[in-house]
Structures are given as structure tokens and as C-alpha cells.
Amino acid sequence: MRNKLPALLTVLTCLATAGCANLGVKPWERDVLARDDMQPDANRLDTSLDDHIYFSKEGTSGGRGFGGGGCGCN
Amino acid sequence: MAEKDKLIGSALAAAACGLLGATAPRTSIAAEPESKWDIDTALLYYGESDDRVQDASLSGLAIRDFGEDRKLSLGLTVDSLTGASPSGAIAGDQPQTFTTPSGRETYTTPAGEIPLDDSFLDTRVAIDAGWSQPFARLYTFNAGVGISSEYDYQHLGLNAGVTRDFNQRNTTLSFAVAVGKDKVKPVGNVPIPFAAMSDAVDDEDGSPANRAADSEDKDVVDVLLGVTQVLGRHTLLRLNYSYSDSSGYLTDPYKILTVVDPLTGDPVVRTPPPGASGPGGIYLFEHRLDSRTRQGLYAELRQDFSGKVLQVGYRYSTDDWEVDSHTLEGRFRFPLGESSYLEPHARYYSQSAASFYRYSLADGAPLPEFASADARLADLDAFTVGLKYGHTTSGGNEWSTRLEFYRQESKAPAEQLIGNQIGNAQMPDFDAIILQFSYHFKL
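Everything quoted here is computed from the prediction, not taken from an experiment.

Caption draft 1: Expanded view of the packing of aromatic side chains. Residue and element names in this part refer to chain B. With the rule as written, the count across this model stands at eleven aromatic pairs over all chains. Ring centres of Phe66 and Trp131 lie 5.5 Å apart, and the angle between their planes is 50°; on these two criteria the pair is classed as tilted. Of the two residues, Phe66 sits in the loop between β2 (54-65) and β3 (71-82) while Trp131 sits in strand β8 (residues 122-136), which places them 65 residues apart along the sequence. Residues Phe66 and Trp131 agree in their burial class; the two are buried. Here Phe98 and Tyr283 contribute two aromatic rings whose centre-to-centre distance is 4.5 Å and whose plane-to-plane angle is 45°, an arrangement assigned as tilted. Linking Phe98 in strand β5 (residues 96-99) with Tyr283 in strand β15 (residues 283-285), this pair joins segments that are 185 residues apart in sequence. Under the relative-accessibility criterion, Phe98 is labelled buried at 0%.

Written out as C-alpha cells, the structure reads:
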């Protein structure tokens, strides 16, 4: 799986930049997407607190963004 | 005050642009936002079953909009931790005595129970600051700094990133890098890898003989590549690829392994010398590799159903310690009347064991190159279910509360079990609750 990641990434990037050119909405159709609960960082404080808990208790972490740092020794 | 704020904004913008070699956009009064500070505060309680780790945490995140998408963010978290943490030692058929991490005292775990070290008490303070702003048409730049401090651990982190919009801003590509410099300063100094736990020494100044340096360093480099794509008027997709490289001291200085009889699998019994108090068995400090490279893919879909919002996320992570994990998470937010909402949440996490995870070490057998009995590196599954309730006040502020249950179950690797361990191996599984009160307001 590890060797497949770069390939998968390339495919995703191409999809995003080329294939997705046909996706999306016009500027006047952004009413729903502009709502607070549709923002990628909605619940940002909950998310960062959860990420820190799981970082301290599980063997892998991250992926969504950058963590706040700390030992997580306990 | 507004003038002063504008000056601060311009100064920060100039500093950020200086880093980029770009020209700072001019400040325009027309773009001045209505409210300037957007503030999230939270009080969180995290409590594990059986008097294990308890954490009371206070957090604040303030975002100041200087207009024209130039934003300053300031965050603060204070954690107060108490309780007991599994040491890595296995349960025994006899009571087991251990020396505390400081090397000065001992504690005893009853027969049949998983040894927990209750000698820690910690306060963690973390602060961070970030700045983001557009620096050319369709481009945004962001940078941040964060520090966190505990009595035995210091972290300094820097991050910077760029985003670029495409397709009438329906596609956003982002690239970000973060570096972290950490210092581990364990109680009683850094143990020598695989050194045996020693008898308690009542010496205020000295450290036990099984310790090396008083501190060690750890460096982390993270790279994140992301795509955010508007799929339709009601649908947003986010994909991230992350790469993380850690090097330096990645061992947990407080975790130990139990040396067991190679036939019975029971902990080897040791008698401390006359007059001394010390471990009643042979326990060795763990030793992990000094580098770790992790890669991850994260996908998140946000879908609106006429005011109800479904958020589904999946993360795959793989690393050269052979810890591979899958995380599936979902939230569904639906309105209750005009001003409230309910949001159920569920999460499932599953990971494979690190290549050097060892349940115990057989007496007389050659030591492996690396070994850890930390259950967080074992084969484990975890489940979270929770519910959040939020209410928007007439003034436009929001308070919310959430309650979550977390359960973690790990598995002892069957092929490693010896003698009496077979069918009796215990792992330090636990339940925890997360209770949080939050208040969001604007100034």
C-alpha cells in the first residue's frame, strides 16, 4: 500500500485540477456553502481538542491538519 | 482604536509579505468587517475508568479579522492531568512492586491487576498564533507558531502554507509544511534503553544509575497537500495527503517491559537486597526506533440536506513502524427549531501493532533490537459515540455542550504469548468520557 500512495495522490491531484473543472457552482449559487456549518473548519476547537486526545491515546495521529504538540506520554 | 487595529493589521501583513517577497495589499475601509474578534472558548473534562487519566482543560481560540481576508488567530489551552497510566508491565499471579519513574519510591500492584503508575501529575500549557492573508489574486499565505510546555516536555512548532484557488474558486489546492522541535526531560532523567528498573534511592540530587542524559530531543517535519473541491451547491469534498517524519528520541521514558519465565510466562521474581526497597521482578525500560516516517490520506465529505449537515471523514495512515490505521468518523447536525441543533457523532479507529511491540520478554532469550509493551502500539480498536447540543442566543452568540463515550480495546498478539499467558493475557483497555461546554461569541 505504501508504494501506491504517491500514485493515488497523483490521480487525486489530476482529478482535482482537471476533472473537477466541470464541477462546482457559480458565484451566485454559494448560499449553502457560505453557511458556518458548511465550512471545513466548523467545530475547529472541538476538532483540535479531539485530535489531541486521540494523539495521546492511539498509535497514529494527524492527517486533518497540524497538531498542537505535546508529549502525550500518559 | 480602529486606526490602531488597522496599523497592527498592516504591520502583520507587511511582515508576512516580507517573508514572501510580495506586495502587501492596501487596507480599505469598505472591507472592514462588522465584528472583529471571533472567539471560541471551551471547558473540557476527559475522564478514564478505574481512576486512570483525568484531564480538565480550558481552551480559547480568538480570530481577528482585519478585513480583506487578513486574519490573525491566537490560541491557548491549559490542561491539568492527574490519574494513573499503564506502565507497560503485565499483570502477575503475585503482587508486583515497582520503583517510580523518579527512582525514589516504590508502589505495589495487587495480583491479577494491570500495573498502573499513579505518580504523575502534569499541567500543560499550549499557545499558538497564526496569520493568514491573500498575497496575489487567488493565492493565500498562512504562517503560524506554537509552543507547549509540560514539566517534562517542551514543544516548539512553526508552520507555513499556501493555498491557490481554481475553477471560479470551486477548487482549492493547499500546501503546508510544519516543523517541530521537542525536548523530553523525564522525571529521574532519561533511562538507558533496556536498563533494568533499579531499587529506590532516596537521593534528592542524584539520579538512578540506570539513567543517561537529563534530556533528549525530537524533531518532526510534517507536509500536508490538500484539495478542497465544491462538488455541488450542497456538497464539499476535502482530500489531504500528509507526510510526517519524526527523528530523535521517540521512546516513552516511563514505559517498561516485564521479563517473564520462558516456560510459565509469569513475571520473574526478584528479591531486593536486604534493607533496600525495589522492584519484585525484572522490568526493562523500553526502546523504540529513533525515526518514524508516516503517510496518510484523509477524505472528508460535507453534505447539506436542506439545513441538515452530514460530515463523513475517513483517514488511512501507514508508517515504517508497521502501524497502519483506519479511522472512520461521522457527524450529522440537524436543527431543532429556529435556534438550536443536535449533532450525533460516531468514530471508529483500528490500528495494527508496531513491528517491535512485545507483550513481555522471555528471561534468557536474546533481547530484540527494539521493544515496547505500550498498548498504544498494540493491535487496537477504539470506538467513540457522542452527542452535541448547540443553541444560538438572540445576540448571535452560541453555546454548546457535548458528551462523548470512548472505548479502547487492544489485543495481545497470540503468537507472542507463553505458558500461563495463553488465555489469560490482559491488556489495559479502558472507557473514557469527554464532556465539553463551549461558548462562541463575537466582539
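Caption draft 2: Quick peek at the interface of chain A and chain B. Counting residues at the interface gives 53 residues for chain A, matched by 90 residues for chain B. Summed over both partners, the interface of chain A with chain B comes to about 6,100 Å²; 55% of that surface belongs to carbon and sulfur atoms. At the junction of chain A and chain B, the tally comes to eleven salt bridges. Run the count over chain A and chain B and you get 32 residue pairs in polar contact (both at pLDDT 80 or more). Counting residues per element, the side of chain A that touches chain B draws most heavily on helix α2 (residues 44-57) of chain A, at ten residues. Counted by class, the side of chain A that touches chain B contains 23 nonpolar, 17 polar and 13 charged residues.

Caption draft 3: Representation of the pattern of salt bridges in the model. All names here are of chain B. By the definition in use, this model includes 34 salt bridges over all chains. Note that Arg292 is salt-bridged to Asp319, the shortest N-O span being 2.7 Å. Of this pair, Arg292 sits in strand β16 (residues 291-305) while Asp319 sits in strand β17 (residues 308-319), and the two are 27 residues apart along the sequence.

What counts and how
- Residues numbered from 1 in each chain as written.
- Chains lettered and ligands numbered in written order.
- Predicted model: local features only at pLDDT ≥ 70, side-chain atom pairs only at ≥ 80, totals over all residues.
- Heavy atoms only, no water.
- Phe/Tyr/Trp six-rings, centres within 6.5 Å; stacked < 30°, edge-to-face > 60°.
- Helix = DSSP H or I, 4+ residues; strand = E, 2+ residues; numbered from the N terminus.
- Buried < 20%, exposed > 50% of the residue type's maximum accessible area, 1.4 Å probe, protein only.
- Contact = heavy atoms within 4.5 Å.
- Buried area = accessible area lost by both parts, 1.4 Å probe.
- Salt bridge = Lys/Arg side-chain N within 4 Å of Asp/Glu carboxyl O.
- Polar contact = N/O pair within 3.5 Å; in protein donor to acceptor, adjacent residues only side chain to side chain.
- Nonpolar A, V, L, I, M, F, W, Y, C, P; charged D, E, K, R; others polar.

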